[in-house]
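These are the residues of each chain, in order.
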Amino acid sequence: MNKISIALMAFVVLAFFSCEEKKKEPQKPPVDIQVLDEIPNIIEAHGTIGEGSSMNVMEFLGDDGDTVYIRVPGQAVMGGVRVGDEVQVVYNVSEDDVFASVAVNLTSLQHLWSQRGADGREQSLELNSGGRATTYNMSVDYDSWEVQAGQLLLRVPKRIGDEAPAVVDTFEIMQLTTDSLVLMNGDFMTEFERYN
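Residues numbered from 1 in each chain as written. Predicted model: local features only at pLDDT ≥ 70, side-chain atom pairs only at ≥ 80, totals over all residues. Heavy atoms only, no water.

**Focus: the overall build of the protein chain**
A count of helices and strands for the protein chain gives two helices and 14 strands. Buried positions account for 32% of the 196 residues belonging to the protein chain. Taking contacts inside the protein chain between residues at least 6 apart in sequence as the whole, the part at least 24 apart equals 39%. Surface summary for the protein chain: the accessible area is close to 13600 Å², and the carbon and sulfur share equals 54%. (Helix = DSSP H or I, 4+ residues; strand = E, 2+ residues; numbered from the N terminus. Buried < 20%, exposed > 50% of the residue type's maximum accessible area, 1.4 Å probe, protein only. Contact = heavy atoms within 4.5 Å. Areas by Shrake-Rupley, 256 points an atom, 1.4 Å probe, with all protein chains shown as cover.)

In structure tokens, the structure reads:
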């Protein structure tokens, strides 16, 4: 072999080994995107119970002027369904159905609720319209209340000069009837009765 051939072969071999082989990126499996036909919307709203209500369907007249017919399974409405009553409801909207996950009859909740304390004395919690709360002979003083997501929120007033934010106690409403209110906060359960 002559010198030129050897030099040419050396150049080709050197070029071959000096070129970095491109690394192929692993092929990702094709993404299978499934379009959902219905995505349920969860809505919380305040309004009143309309005359078109029945045992299983509540005609809900929202504060925004909308009328929605909501299917109410079994005990979904705490405090019952009575025409004209104020209600706070959480409902799901799908393509073919509207149903309540929880609803609280605020008119049924707005009363003076009493119980016997550990010392035997009567203590009471009064829930008034407009979200005003008053306590009598209780260890905690509440000044306001509201219902969110089916839970009763009771607010302890912030004292003048107190830098800490106002305390809000959250209670799950376990039962609400014409004469009974059962609340749960963590492991603590308390029961009130209505006498008026």
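**Thoughts on the pattern of salt bridges**
Enumeration according to the criterion identifies three salt bridges in this entry. Where R82 meets D85, a salt bridge forms, and the shortest distance between an N and an O atom there is 3.2 Å. The class of R82 is partly exposed, set by a relative accessible area of 35%. Exposure remark for D85: the relative accessible area of 10% places this residue in the buried category. D143 is the partner of R155 in a salt bridge, and the nearest nitrogen-oxygen pair spans 3.0 Å. Here R155, found in strand β11 (residues 151-156), pairs with D143, found in the loop between β9 (133-136) and β10 (144-148); they are 12 residues apart in sequence, far enough to count as distant. Look at D143 and you get partly exposed, because its relative accessible area is 28%. (Salt bridge = Lys/Arg side-chain N within 4 Å of Asp/Glu carboxyl O.)

**A short note on unusual backbone geometry**
Phi at N137 takes a positive value of approximately 60°, unusual for a residue other than glycine. By secondary structure assignment, the location of N137 is in the loop between β9 and β10. Even without being a glycine, A149 presents a positive backbone phi close to 50°. Looking at the secondary structure, you find A149 in the loop between β10 and β11.

**Considering the layout of surface pockets**
Gaps between atoms show up when a probe of the same size as a water molecule is rolled over them. For the largest pocket, the calculated volume is near 220 Å³. Along the wall of the largest pocket there are 14 residues; nearest its centre are M138, V140, Y142, F171 and F188. At three residues, the largest contribution of residues to the lining of the largest pocket is made by strand β14 (residues 188-193). The residue makeup of the lining of the largest pocket, split by class, is eight nonpolar, five polar and one charged. (1 Å grid on protein atoms, 1.4 Å probe; cavity = no way out; pocket = protein on both sides within 12 Å on 5 of 7 lines; lining within 4 Å. Points joined across faces, edges and corners; volume = space filled by probe spheres on them. Nonpolar A, V, L, I, M, F, W, Y, C, P; charged D, E, K, R; others polar.)

**Some words on the environment of A133**
Along the chain, A133 falls in strand β9. A relative accessible area of 5% places A133 in the buried class. Along the sequence, A133 and V156 sit 23 residues apart, while their C-alpha atoms lie 9.6 Å from each other. Sequence-distant contacts of A133, defined by excluding residues within four places in its chain, comprise E126, L127, Y142, D143, S144 and W145.

**Quick look at the pairing of strand β7 (residues 112-116)**
Note: β7 against strand β8 (residues 122-127), five bridges, orientation antiparallel. The residue of β8 that forms the bridge with R116 is E122. Remark: five residues form the turn of the hairpin made by β7 and β8, two consecutive strands paired antiparallel; G120 in that turn has positive phi of roughly 90°. (Pairing = 2+ DSSP bridges.)

**Regarding the confidence of the model for the protein chain**
Mean pLDDT for the protein chain: 80, with 78% of residues reaching 70 or above. The secondary structure element of the protein chain with the lowest average pLDDT is helix α1 (residues 3-18), at 45, and the one with the highest is helix α2 (residues 106-109), at 96. Low pLDDT (under 50) marks residues 2-40, which in the prediction has eight contacts with non-local residues, meaning those over four places away or in another chain. (pLDDT = per-residue confidence, 0-100.)

**Notes on the pairing of strand β6 (residues 98-105)**
In the sheet, strand β4 (residues 77-78) pairs with β6 via two bridges, with the strands oriented parallel. Across the sheet, M78 pairs through a bridge with V104, a residue of β6. Judged from the seven bridges that link them, strand β5 (residues 86-93) and β6 form a sheet pairing that is antiparallel. Looking at β6, one finds that Q88 is bridged to V104.

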